[in-house]
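# Analysis of the macromolecular model
One letter stands for each residue in the lines below.
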Amino acid sequence: MADDDGFRARAREWLAEKAGEEYRGVGGGPGSEHEGLPARRRWERELGRAGWIGIGWGEEGYGNRTATLAQQVVWAEEYARARAPARVGHIGENLLAPTLLRHGTRAQKDRFLPPVARGEELWCQGYSEPGAGSDLAAIRTAAVRDGRAYRLTGQKIWTSLAQHADWCFVLARTDPAAARHRGLSLLLVPMDQPGRVDVRPIRQLTGTSEFNEVFFDGALARADHLVGGEGDGWRVALGLLARERGVATLVQQIGFERELADVVRTAHATGAIDDPLLRARLVTQWAELRVMRWNALRTLGAGDESDAGAPSVAKLLWGGWHQRLGELAMAVRGAAATAGPYDWSGERPYALDAAQRMFLFTRADTVYGGADEIQRDIIAERVLGLPREPR
């Protein structure tokens, strides 16, 4: 316990010194990850120089600090409370790196992990496709072997921050004759391939473009790195998704706590707190957030195979909760919620305040990262043993 307290003090002291004025205003909320990118990239390198990236990777010698599981939670808590910038390197740190540590070769670890630990290379995730969103086994992006490399043909969609990423880990079909998930492989693809990899931002309800379409030209788009063996992509992908949807939500919940506090303050300022129905909804949001935290703590440290339904339960809990919080953020403001932060007429661009952006962005929370319907199917089939959904 004393060691964890000392770790907390060091983390808090470093954040107080470094997450200063230069980075104020780039912390952001839902849908702001693309903003202030130069400052965010400088911040990633600042974290890397101090060894704060990849503290949960273990003692692998990649230049990062090492921390116990409890200390990783402490760091996440202090980071959120310091309102440090929202991370643009989290996909490389929290999704790619654990996957390479488990399934990658020594050469792949040596090549890709140090730049992530230094905050120098950003990653995006090439999973969903127009015809295969939550049903990843239906993907059609093809990868054909060309000597020691692969040529990719196809399209990915909803690829977060692809317009800024240096690399993308792509789930592709390497065996077209195999049934569904049996012919998939995970490839590491450089994004800097002009005329070969085409990134097209998607404008969203918020007026911003965090998500993108990515097109691969099969004659030219090249991938030199295969993770886990050809045809083994499904197993690798499932392990990665468990990390994306599972206990990592504990970090997310600290941000949720801050957003809820902002909504409560607004309810007091507008007098909405005196409405018994709105007050009951606020209390319910608070109670449900506590349940989410306890559930995340319960699963913290469990092995990937220990609870097949845990990632799906976590996704169902936070997706619906956050969406309802966005609705509450509007409700406590009443009619004023329909007005923007300034007049949009003339030359001033479309703009939203933080609460309005949260409301619009969270409409997608129950869809991206695995739609609620798919999560319920997973729980029904893998946990409750109910008959499989017809395919």
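About the thresholds
Residues numbered from 1 in each chain as written. Predicted model: local features only at pLDDT ≥ 70, side-chain atom pairs only at ≥ 80, totals over all residues. Heavy atoms only, no water. Salt bridge = Lys/Arg side-chain N within 4 Å of Asp/Glu carboxyl O. Helix = DSSP H or I, 4+ residues; strand = E, 2+ residues; numbered from the N terminus. Disulfide = S-S within 2.5 Å. Buried < 20%, exposed > 50% of the residue type's maximum accessible area, 1.4 Å probe, protein only. Contact = heavy atoms within 4.5 Å. Phe/Tyr/Trp six-rings, centres within 6.5 Å; stacked < 30°, edge-to-face > 60°. Core = buried A, V, L, I, M, F, W, Y, C linked by side-chain atoms within 4.5 Å.

### Details of the pattern of salt bridges
- Enumeration over the complete set of coordinates arrives at 26 salt bridges.
- Between arginine 111 and glutamate 121 there is a salt bridge, with its nearest N and O atoms 3.1 Å apart. Taken as a pair, arginine 111 in helix H5 (residues 106-117) and glutamate 121 in the loop between H5 and strand S1 (123-126) lie far apart in primary sequence, 10 residues in all.
- For the salt bridge of arginine 333 with aspartate 353, the shortest nitrogen-to-oxygen distance reads 2.8 Å. Of this pair, arginine 333 sits in the loop between helix H9 (310-331) and helix H10 (354-361) while aspartate 353 sits in the loop between H9 and H10, and the two are 20 residues apart along the sequence.

### A closer look at the state of the cysteines
- In total, this model carries zero disulfides according to the counting rule given.
- For cysteine 124, which is in no disulfide, the shortest distance to another cysteine sulfur is to cysteine 168 and amounts to 3.5 Å.
- You can call cysteine 168 buried: its relative accessible area is 1%.

### A short note on the environment of arginine 258
- Examined against the element boundaries, arginine 258 turns out to sit in helix H7 (residues 249-270).
- Residues arginine 258 and arginine 81 lie 177 residues apart in sequence; the distance between their C-alpha atoms is 8.2 Å.
- Those residues in contact with arginine 258 that sit more than four places away from it in its chain are Ala80 and Arg83.

### Some thoughts on unusual backbone geometry
- Backbone geometry at arginine 83 places phi at a positive 55°, although glycine is not the residue there.
- With respect to the helices and strands, arginine 83 occurs in the loop between helix H3 (69-81) and helix H4 (90-103).

### Side note on the side chain of asparagine 295
- If you trace the backbone, asparagine 295 turns up in helix H8 (residues 276-299).
- We classify asparagine 295 as buried; its relative accessible area is 13%.
- Once you skip the residues sitting within four places of it in the chain, asparagine 295 turns out to touch Val313 and Leu317.

### Quick look at the packing of aromatic side chains
- Here the structure, examined in full by the defined rule, presents 19 aromatic pairs.
- With centroids separated by 6.3 Å and ring planes inclined at 50°, the aromatic side chains of tryptophan 43 and tyrosine 79 adopt a geometry described as tilted. One end of the pair, tryptophan 43, is in helix H2 (residues 37-49); the other, tyrosine 79, is in helix H3, with 36 residues separating them in the sequence.
- Of the residues examined, tyrosine 79 reaches a relative accessible area of 11% and is grouped as buried.
- Taken together, a centroid distance of 6.2 Å and an interplanar angle of 55° make the contact between phenylalanine 211 and tyrosine 368 tilted. Here the residue phenylalanine 211 occupies a position in the loop between strand S6 (197-201) and strand S7 (212-216), and tyrosine 368 occupies one in the loop between H10 and helix H11 (372-383), the gap between them amounting to 157 residues.
- Overall, the relative accessible area of 11% leaves phenylalanine 211 in the buried class.
- A relative accessible area of 28% places tyrosine 368 in the partly exposed class.

### Points about the nonpolar core
- Core analysis: the biggest nonpolar cluster contains 44 residues, and Trp43, Trp52, Trp75, Trp123, Phe169 and Leu188 have the highest contact counts within it.
- In terms of residues, this core owes the most to one element, H4, which gives six residues.
- Discounting residues that sit within four places of it in the chain, tryptophan 43 has contacts with Trp14, Leu15, Lys18, Ala19, Tyr23, Tyr79, Ala84, Pro85 and Arg87.
- Residues Val263, Leu282, Leu289 and Met292 belong to the second largest nonpolar core, which totals 19 residues.

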